[in-house]
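Examining the three-dimensional arrangement
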Amino acid sequence: MSVHNSIQTGKEITVTIDGKRCKSTFGKTILEIARENGIYVPTMCYLSKVQPIGSCRMCVVEVEGVEGMILSCQEKATDGAVIRTNNETIQQERQNIMKLYNVNHPLECGVCDKSGECDLQNKTMEFGLEAQGFTARDQHRPVENWGHVSYDPALCIMCEKCVRVSTEITGDEALKVKFGGYGSTIVNTKQEKNYASLGEAAAVCPVGALVSTDFKYTANAWELTKIPSACPHCGGGCQMYYEVKNDRIYRVTNTFEFSNLCGAGRYAFDYANENVNKEKAAFDKAVEAFKDAQSVIFSSQISNEEALLLQKLKEKFGFRLVSHEARAYQKFMQAYSSITGKSLYNGTLKALSASKAVIVMGTKINDDAPTVKYHINMASKWHRARVIYMHPLEDTEVQNIVTQFVKYEAGSEEGVAALLAETLLKEAELPKGIREFLDALDIGNLSAESNVGEEELETLKRALLKKSGFSLVVGPDLYMHPRAEHIARLIALLEQYAGFNVICIPPAGNAMGISLICDLDDEVEGRSVGYNAPADFTLSALGGGDLDMPAMNQQEGTLTTLDKRVVPMNVALPYGGYVLNDIANALGMDAEYTIEYTAQLPEEQGYMAIAFDALPDYFDSVGNEYRGYLLKPQKVSVKRAFEEVEELEGFDGPVIYNCNPTEQFSAFTAKSRLLKDEAVLLGSRQFAAATKLQDGESITYTLDGVKFDRVFKIDTSMKGTIALNPVFDRGLSGALLSSYRFSRLDFERAGK
Ligand code: SF4
Ligand code: SF4
Ligand code: FES
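No experiment lies behind these values; they were computed from the predicted model shown. Within any chain, residue numbers begin from 1 and follow the written order of that chain's sequence. All chains are assigned letters beginning with A, and all ligands numbers beginning with 1, in the order in which they are written. Per-residue local features of the predicted model are confined to residues with pLDDT of at least 70, and side-chain atom pairs are confined, for both listing and counting, to 80 or more; whole-chain, interface and lining totals are unaffected and use all residues. Excluded from the side-chain calculations are hydrogens and water; all other atoms, namely the structure's heavy atoms, are used.

Some points on the site of ligand 1
In this text, near means that some heavy atom of the residue lies within 4 Å of the molecule or strand in question. Around ligand 1, a shell composed of 13 residues is seen, among which Cys 156, Cys 159, Glu 160, Cys 162 and Cys 205 lie nearest. Across the shell around ligand 1, the residue classes break down as 12 nonpolar, no polar and 1 charged. In this classification, the charged set is Asp, Glu, Lys and Arg, the nonpolar set is Ala, Val, Leu, Ile, Met, Phe, Trp, Tyr, Cys and Pro, and all remaining amino acids, among them Gly, are polar.

Section: the site of ligand 2
As a matter of local geometry, ligand 2 sits amid 13 residues, with Cys 231, Cys 234, Gly 237, Cys 238 and Cys 262 nearest to it. Helix and strand definitions here come from DSSP, where helices need a minimum of 4 consecutive H or I residues and strands a minimum of 2 consecutive E residues; each element is numbered from the N-terminal end. Put simply, the parts of the chain that give the shell around ligand 2 at least two residues each are helix 7 (263-267) and helix 13 (370-383). Classifying every residue of the shell around ligand 2 by side-chain character gives 8 nonpolar, 5 polar and no charged.

Focus: unusual backbone geometry
The general pattern is negative phi for most residues beyond glycine and trans for most peptide bonds. In this structure, Met 158 is a non-glycine residue whose phi angle is positive, near 55 degrees. Take Met 158: it is sitting in the loop between strand 7 (149-151) and helix 5 (161-169). Phi is positive for Asp 704, which is not a glycine, with a value near 55 degrees. Take Asp 704: it is sitting in the loop between strand 31 (698-703) and strand 32 (706-714).

Points about the packing of helix 14 (residues 413-424) against helix 19 (residues 484-498)
Where helix 14 contacts helix 19, the axes come no closer than 9 Å and their chain directions differ by 20 degrees. Between helix 14 and helix 19, the angle is such that the two are roughly parallel. Considering only the axes of helix 14 and helix 19, their crossing is left-handed. Here Glu 413, Glu 414, Ala 417, Ala 418, Leu 420, Ala 421 and Leu 424 of helix 14 lie close against helix 19, whose contacting residues are His 486, Ile 487, Leu 490, Ile 491, Leu 493, Leu 494 and Ala 498. A per-class count over the contact of helix 14 with helix 19 returns 11 nonpolar, 1 polar and 2 charged. Every axis in this analysis is a line fitted to C-alpha atoms, fitted for helices over the stretch in contact. Angles between the N-to-C directions lie between 0 and 180 degrees. Here roughly perpendicular refers to angles of 65 to 115 degrees, roughly parallel to angles under 35, roughly antiparallel to angles over 145, and oblique to all remaining angles. What makes a crossing left-handed is the near helix being turned counterclockwise from the far one by less than a right angle; a clockwise turn instead makes it right-handed. In what follows, a contact means two residues having at least one pair of non-hydrogen atoms within 4.5 Å.

What about the pairing of strand 13 (residues 248-253)?
With a 1.4 Å probe rolled over the protein chains alone, any residue whose accessible area is under 20% of its type maximum counts as buried; one over 50% counts as exposed, and the rest are partly exposed. In terms of residue burial, strand 13 counts as a mostly covered element, since 5 of its 6 residues are buried. Counting the residues between successive antiparallel strands, the hairpin from strand 12 (residues 239-245) to strand 13 contains 2 residues, one of them, Asn 246, with a positive phi of roughly 45 degrees. DSSP calls a pair of strands paired once it identifies at least 2 bridges connecting them.

With respect to the sheet that holds strand 7
Strand order across the open sheet formed by 3 strands is 6-7-10, with antiparallel pairing between neighbours. Only two strands of the sheet have a single partner each, and these edge strands are strand 6 (144-145) and strand 10 (210-212). Pairing analysis gives 2 bridges linking strand 6 to strand 7, with the strands arranged antiparallel. Across the sheet, the residue bridging to Glu 144 is Tyr 151, located in strand 7.

Overview of the nonpolar core
What is meant by a nonpolar core is a set of buried Ala, Val, Leu, Ile, Met, Phe, Trp, Tyr and Cys residues, joined one to another through side-chain atoms within 4.5 Å. One finds Phe 290, Phe 332 and Leu 539 to be the most contacted residues of the largest nonpolar core, which totals 196 residues. If you tally residues by element for this core, the top one is helix 19, at 10 residues. Setting aside residues up to four positions removed in sequence, Leu 539 forms contacts with Ala 286, Phe 290, Val 529, Gly 530, Tyr 531, Asn 532, Leu 547, Met 549, Leu 580 and Ile 583. Counting residues in hydrophobic clusters, the runner-up holds 22 residues, among them Val 15, Ile 33, Val 61 and Ala 77.

Points about the environment of Leu 309
In this fold, Leu 309 is placed in helix 9 (residues 304-317). Between the C-alpha atom of Leu 309 and that of Leu 261, which follows or precedes it by 48 residues, the distance is 29 Å.

What to know about the packing of aromatic side chains
Working definition: a ring pair exists when centres of Phe, Tyr or Trp rings (six-membered ring for Trp) sit within 6.5 Å. Plane angles under 30 degrees give stacked, over 60 give edge-to-face, the rest tilted. Taken as a whole, this structure holds 16 aromatic pairs when the rule is applied. Each residue in the set Phe 651, Tyr 657, Tyr 740 and Phe 742 is aromatic and connected to the rest through ring pairs, giving one cluster. Geometry around Tyr 250 places Arg 248 over its ring, the cationic atom sitting 4.0 Å from the centre. Only when the NZ of Lys or the CZ of Arg is both within 6 Å of the ring centre and within 35 degrees of the ring normal is a charge said to sit over the ring. The lysine or arginine in question, Arg 730, covers the ring of Phe 708, its NZ or CZ lying 4.6 Å from the ring centre.

Points about the sheet that holds strand 23 (residues 547-548)
Ordered by their spatial adjacency, 5 strands build an open sheet running 15-14-21-22-23, and the pairing between neighbours is parallel. Both outer strands of the open sheet, strand 15 (320-322) and strand 23, are each paired with one neighbouring strand and no more. Bridge count between strand 21 (residues 528-531) and strand 22 (residues 537-540): 3 bridges; the pairing is parallel. Residue pairing across strands places Tyr 531 opposite Leu 539, the latter belonging to strand 22. Each of strand 14 (295-298), strand 15 and strand 21 touches helix 9; the most contacted strand, strand 15, lies at about 155 degrees to it.

Comments concerning the side chain of Gln 404
Mapped onto the elements of the fold, Gln 404 is located in strand 18 (residues 404-406). Nitrogen and oxygen atoms within 3.5 Å of one another constitute a polar contact, given that in protein one can donate a hydrogen and the other can accept it, and given that sequence-neighbouring residues count only through two side-chain atoms. For Gln 404, the side chain forms a polar contact with the main-chain nitrogen of Leu 460, separated by 3.4 Å.

A word on the confidence of the model for the protein chain
Within a predicted model, pLDDT stands for the predictor's per-residue confidence, ranging from 0 to 100. Here the protein chain shows a mean pLDDT of 93. Residues at 70 or above account for 97%. Confidence drops under pLDDT 50 across residues 1-8; counting only partners more than four residues distant or on other chains, this segment forms 28 contacts.

Comments concerning the pattern of salt bridges
For salt bridges, the criterion is a side-chain nitrogen of Lys or Arg within 4 Å of an Asp or Glu carboxyl oxygen. Tallying each qualifying case throughout the model produces 43 salt bridges. Ionic pairing is found between Asp 270 and Arg 673, a salt bridge with its closest N-O pair at 3.9 Å. In this pair, Asp 270 is assigned in the loop between helix 7 and helix 8 (280-292) and Arg 673 in the loop between helix 22 (667-670) and strand 30 (681-683), connecting sequence segments 403 residues apart. Residue classification places Asp 270 among the partly exposed positions, given a relative accessible area of 25%. Here Lys 426 ties to Glu 422 by a salt bridge, and the two come within 3.5 Å at their closest N and O atoms. Its relative accessible area of 41% is what places Lys 426 among the partly exposed residues. A residue is classified by how much of its surface remains accessible, and Glu 422, at 14% relative accessible area, is buried. Here the residues in one salt-bridge network are Glu 414, Arg 483, Arg 489, Glu 643 and Glu 646, joined through shared partners.

Remarks on helix 15 (residues 432-439)
By the burial criterion, the buried members of helix 15 are Ile 434, Phe 437 and Leu 438. Looking straight down helix 15, one finds its buried side chains confined to an arc of 95 degrees; they lie on one side. Of the exposed residues in helix 15, those oriented more than 90 degrees away from the buried face are Lys 432 and Asp 439. Those residues of helix 15 hidden inside the fold are in contact with helix 14 and helix 19. As used here, the arc is the angular range of directions from the helix axis to the C-beta atoms.

Notes on the pairing of strand 32
In this structure, strand 30 lies alongside strand 32, joined through 3 bridges in parallel fashion. Pairing of Leu 682 across the sheet is with Lys 713, part of strand 32. By the bridge criterion, 6 bridges tie strand 31 to strand 32 in an arrangement that is antiparallel. The residue of strand 32 that forms the bridge with Thr 700 is Asp 709. Taken together, strand 31 and the strand that follows it, strand 32, pair antiparallel across an intervening segment of 2 residues, in which Asp 704 is found at a positive phi of about 55 degrees.

Set out below in structure tokens:
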């Protein structure tokens, strides 16, 4: 959906384009209406997902009664307008534009990485430019290597799409235009950061100026098979294509006009479980292990269909089914639903990007859910949204969009949620019990405990003075909190009574799907089978377990995304071993392929009885999304049970926070050759002083029974006494960190 569509004002209009009567709504541009009606208008600088750039003039049209040519990408259509998108004058104008573009741009396409998918090449053909009429003095401008992407100024046509994406979408704001006539160029102002998200800027580049450094010169675009799929790394389930040749993924691309990918989606594609054969003896042992199991434990890197298979096996064999993160999320969402009366939160990404104010709480958003951060950034850029970021840790990566940082004490989330509810529902009409509960809160005490002052809350409230368009994004810090369910009920009040668009970010991979499909238990008991989780018998897509399993890019099935959509994933790479469905069949189930379960996903949880092969997977010409289907919210019974907010146990001294580096999510992204992140304990100078740790010192600590040997590093951009502990490198045990994300650091120095 384009930016302009999202803010259109709705009054019906009729315009005539090239003799065709087109009905639309006021607020849309001529180009949008033309596209809605399948009328082609050439463009070079237009990109649906950002605001019109207006730099190329290719989209010129004539409107009856208006003198001269106008830019159809910028001009809103008026009722009754008669528009002509092509005639000799317009054609001449476009040809001249193409001639100018080709000045300085070498047309030796045979050596260009973009050849075969280049807009300039295509339009040069389209407008029949056989000769180069203009020339300009050659300038020597060497190719710049920016890490994940390379920039060739000699090929750059200065359309500015990359700059807009870096500013309006990903929000890293690294790319800028350096003006200078024919010497104009794009500069990367944050080269030292090597943002993987710049892959998104390269994706929109219409020519070969900005390309993936890794992919460059490895394959021609036309040799690659595009396999549509969805990214499994976080709860985003973003749209993607695996581009494959000879059973190798060369790159990941996306429908960049309308959708986005973060660096993990784009670069962490090489995690397949390769060279696996069918080992009958190991398979038989797996079948026996399931028959014998008292518990099955699994991580969130599985499809909806596999989750359903495990649920069916649970029903048949009676074992416990454990997935810690998904269980925490399930309990949180059940408590949440007990207030709203609906099985799902009401928030959507589209509403988030259209917000005028956004509150973020309980998540390090840039790292937990990049696509959500992008949508907050869009709200900030397009609607000047106030962004209130509530967290114990300041995050420099969101500083540019945050208008108010509210720092609360680690552990005080329940109090903060109560303060938020009390502040934002002061004037709301509430059921008597809720009003009494809020009135009885000891605000002074909650403020003191959480360190959130009443003045800060008043400032926050002022950001919401407009009557609508508020979003609240909450995340995994809350789900693993000892008081998670009460926090969920407090947060749900804001959806129910304050008109907030609320998104509760799933804590990992397909945790949302698992939480809806499986009847989960809290703890493992007795003999266990693990699926991507260590157990007495372990099935592993990472290799090294008792039986190998396919990785997510070797499977077909569906994912449930944080936008509440059920989206299809297709097989990118072959897999030679056994899959969960084979084990299930040996245990008495009967399905030739795992995807036979797609149509059986639980309707009582909002899924639809649609076969996998019938699921659509595309965006239409104006960006409406037809990927799978949207979950239907189900009615659940309301139970407004509020309790006293518990006194928190303070976190004095050095604290660690379990959080992965940007665009690392799991042992699967950790396998990626292109995303190289050091798994170190990262803290501020203040943290180093408090712990007397030296930069580079090795220490050991244990969390949730998992032992960490880490090097400590000082990050000068960090503040305070909370350090970041990544878990993505922990192979199968990383996903098992199920406790509250903050904990006191109790460590031993190496060698002691
Ligand atoms: S690098 Fe590509 S996207 Fe950026 S201005 Fe140049 S041509 Fe346009
Ligand atoms: S990791 Fe998440 S945000 Fe990034 S592309 Fe994949 S699903 Fe989207
Ligand atoms: S597409 Fe309209 S000015 Fe470039």
